[in-house]
Amino acid sequence: MQVIDLVEAAARLPRAWSSRLLGEVGAAGLKVLRMDALPLAEETHAVTEALLVVEGCLELTVAGRPVTVRAGELALVPAGSPHAVRPGSRGTLVIVEVPEP
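Residues numbered from 1 in each chain as written. Predicted model: local features only at pLDDT ≥ 70, side-chain atom pairs only at ≥ 80, totals over all residues. Heavy atoms only, no water.

The next subject is the pattern of salt bridges. Note on pairing: side chains with opposite charge can pair once their charged atoms come close. Taken as a whole, this structure holds 3 salt bridges when the rule is applied. Between Glu8 and Arg12 there is a salt bridge, with the nearest N and O atoms lying 2.7 Å from each other. The class for Glu8 is partly exposed, based on a relative accessible area of 41%. We note a salt bridge from Glu59 to Arg86, for which the minimum N-O separation is 2.7 Å. One end of the pair, Glu59, is in strand S4 (residues 49-62); the other, Arg86, is in the loop between strand S7 (83-85) and strand S8 (90-97), with 27 residues separating them in the sequence. The exposure class of Arg86 is partly exposed, given its relative accessible area of 24%. (Salt bridge = Lys/Arg side-chain N within 4 Å of Asp/Glu carboxyl O. Buried < 20%, exposed > 50% of the residue type's maximum accessible area, 1.4 Å probe, protein only. Helix = DSSP H or I, 4+ residues; strand = E, 2+ residues; numbered from the N terminus.)

Shown next, in the form of structure tokens:
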């Protein structure tokens, strides 16, 4: 068994928005990253993506609508939904994703 301090793991990353694979559960990869206030370009995935905010908040635009995800909240971004990070995100984020077909 392994216990991981998510905030500490994110703090050790060399730069914001640079994720680290923590492990896998079945086919799903669990990644952690540190967010900063800068926006990120829009992207779309062929599979649903789970975004868990551990601390801070994640500011998104999903399919053209603003969405704020706060600490302790989980956002499920449906497959095929264009999404981008808006300015103002900060804190620690865990991403759960499966390989795209």
